[in-house]
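# Remarks on the overall topology
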Amino acid sequence: MPAVTVPDTLVLPRILAATAETALRPVTGVTEAPAGFEGEGFPVHRAFAGVAMEELDPFIHMDQMGEVEYAPGEPKGTPWHPHRGFETVTYMIDGTFQHQDSIGGGGLITNGSTQWMTAGSGILHIERPPEQLIASGGLFHGIQLWVNLPASLKMTDPRYQDLEAGDSELLTSPDGGALVRVIAGDVAGHRGPGSTHTPISLVHATVQPGAELVLPWPADYNALVYVLSGRGTIGQPARPIHSGQLAVHGRGDAITLRADTTQEARHPALDVLVLGGRPIREPVATHGPFVMNTRAELIQAFEDYEAGRLGTVPADHIGHA
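Figured I'd write up the structure that's included with this text.

For the protein chain, the helix and strand inventory stands at three helices and 26 strands. For the protein chain, whose C-alpha radius of gyration is 19 Å, the value lies close to the compact-globule estimate of 20 Å for 321 residues. With the principal axes as the frame, the protein chain shows a C-alpha extent of 60 × 45 × 35 Å. Considering the protein chain as a whole, with its 321 residues, one finds that 55% of them fall into the buried category. Counting contacts in the protein chain only where the partners sit at least 6 residues apart, residues at least 24 apart contribute 73% of the total. When the accessible surface of the protein chain is split by element, carbon and sulfur atoms take 53% of a total near 13100 Å². Taking the average place of the 19 positive charges on the side chains of the protein chain and the average place of its 36 negative ones, the gap between the two points comes to 5 Å.

Quick look at the structure:
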């Protein structure tokens, strides 16, 4: 799991140690992500399955894509499709995805880079492995997250952000036992590169065997931790957690987790995605590629898409419409 790494975490800025006054967040629930398929048939784990929407708010949906080792000719992606009313975040850990959309955004997303697409009033896009990866096969592992937009921003202009792997803010724990990659939001006084309409924080942390991470977290944000790989404990008091599980937290000032001293050979550390945001607390109506506030708005979104008002596939498009 390369993403972004450094040879020596001790040279990185350190997160201040927790104090006796730090309110550690308890874990209110742990769920297991079921396996499924997305797009043209690539394997995913549905990270938010079984979790109440009010506990996820402002997030809507998250898939762990892979981790899968493709043979030549096997890599798959998605066809051209529409979105309206939210933002999609695609974070690649291993492998390469190619993105293109109807407003001119696009490029390769690879090893630690992120594409942040605001669908807003409407956009068409495609994500697929590049031809070279389809021909050769290889490792594929990433995350796609859907971030809701409030009613006042549902029809904002679409935009695209290309966040390179080296753009993430890198931090470490007081003893250097954890590598913390801040992709978006403010964490321990350090801001990630992602510009978000909805206030959120998004972190990818790697915790070495036996090490502990206490991560300050805004008190007005919810807090979710999804285990990409490895085993450990989370919350206060500590609860066991392993690959493919999501921990939902209660109120507090910080998230705490510890990696087990023994890990699998393939995944020698505990890798987690930590995410949270300020809840929007508005009605949510979602169907397929649209996230709105009412059923009438969903119907309008489908009508606008069928009428071609959500954009057109560029003449130099990749894949097939």
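The structure having been displayed, the exposition proceeds.
A word on helix H3 (residues 295–306). Along its twelve residues, H3 runs 17 Å from first to last C-alpha, staying within 8% of the 16 Å computed at 1.5 Å per residue. Along H3, the residues that are buried comprise Leu-298, Ala-301 and Asp-304. All buried residues of H3 project into a common sector of 125° when viewed along the axis, lining one side. Opposite the packed face of H3, turned more than 90 degrees from it, sit the exposed residues Arg-295, Ala-296 and Glu-306. In the core, the buried residues of H3 are packed alongside strand E25 (285–287) and strand E26 (290–292).

Ordered in space as E18-E23-E20-E21, the four strands form an open sheet in which the pairing is antiparallel. With partners counted over all chains shown, the strands left at the sheet margins are strand E18 (212–216) and strand E21 (239–242), one partner each. Averaged over neighbouring strand pairs, the angle between their axes works out to 30° when direction is ignored. Relative to E21, strand E20 (residues 231–234) runs antiparallel, the two sharing four bridges. Bridging from a neighbouring strand, Thr-233 pairs with Pro-240 of E21.

Applying the stated criterion across every chain, the model contains three aromatic pairs. Measuring from centroid to centroid gives 5.0 Å for Phe-97 and Phe-140, while their planes differ by 50°, and the two rings are tilted. Here the residue Phe-97 occupies a position in strand E7 (residues 96–101), and Phe-140 occupies one in strand E11 (residues 138–148), the gap between them amounting to 43 residues. Judged by relative accessible area, which is 1%, Phe-140 ranks as buried. Taking 4.8 Å as the distance between ring centres and 90° as the angle between the ring planes, the aromatic pair formed by Phe-290 and Phe-302 counts as edge-to-face. Taken as a pair, Phe-290 in strand E26 and Phe-302 in helix H3 lie far apart in primary sequence, twelve residues in all.

Ordered by their spatial adjacency, seven strands build an open sheet running E1-E22-E19-E24-E17-E14-E13, and the pairing between neighbours is antiparallel. Each edge of the sheet is formed by a strand with only one pairing partner; in this case those strands are strand E1 (27–32) and strand E13 (169–172). Pairwise comparison of adjacent strand axes, ignoring direction, gives a mean angle of 20° for this sheet. Where E13 lies against strand E14 (residues 178–184), four bridges are found, and the strand directions are antiparallel. By the bridge assignment for E14, Leu-170 is matched with Arg-181.

Relative to the helices and strands, Thr-96 is located in strand E7. Classification of Thr-96 by relative accessible area gives buried; the value is 19%. Separated by 3.2 Å, the side chains of Thr-96 and Thr-110 make a polar contact. Each residue touching Thr-96, except ones within four places of it in the same chain, is listed here: Leu-108, Ile-109, Thr-110, Pro-129, Pro-130, Leu-133 and Phe-140.

A few words now on the pattern of salt bridges. On inspection of all chains with the given rule, the structure shows six salt bridges. Asp-220 is the partner of Arg-278 in a salt bridge, and the nearest nitrogen-oxygen pair spans 3.0 Å. Residue Arg-278 is found in the loop between strand E24 (270–277) and E25, and its partner Asp-220 is found in the loop between E18 and strand E19 (224–229); the two are separated by 58 residues along the sequence. On the basis of relative accessible area, Asp-220 is assigned to the partly exposed category, the value being 41%. As a salt-bridge pair, Arg-309 and Asp-304 come within 2.8 Å of each other at their nearest N and O atoms.

Reading guide: rules and limits
Residues numbered from 1 in each chain as written. Predicted model: local features only at pLDDT ≥ 70, side-chain atom pairs only at ≥ 80, totals over all residues. Heavy atoms only, no water. Helix = DSSP H or I, 4+ residues; strand = E, 2+ residues; numbered from the N terminus. Rg over C-alpha atoms; globule rule 2.2 N^0.38 Å. Buried < 20%, exposed > 50% of the residue type's maximum accessible area, 1.4 Å probe, protein only. Contact = heavy atoms within 4.5 Å. Areas by Shrake-Rupley, 256 points an atom, 1.4 Å probe, with all protein chains shown as cover. Lys, Arg positive; Asp, Glu negative; His and termini not counted. Charge placed at Lys NZ, Arg CZ, Asp CG, Glu CD. Expected span 1.5 Å × (residues − 1). Arc of directions from axis to C-beta. Pairing = 2+ DSSP bridges. Axes fitted to C-alpha atoms, helices over the stretch in contact; angles between N-to-C directions. Phe/Tyr/Trp six-rings, centres within 6.5 Å; stacked < 30°, edge-to-face > 60°. Polar contact = N/O pair within 3.5 Å; in protein donor to acceptor, adjacent residues only side chain to side chain. Salt bridge = Lys/Arg side-chain N within 4 Å of Asp/Glu carboxyl O.

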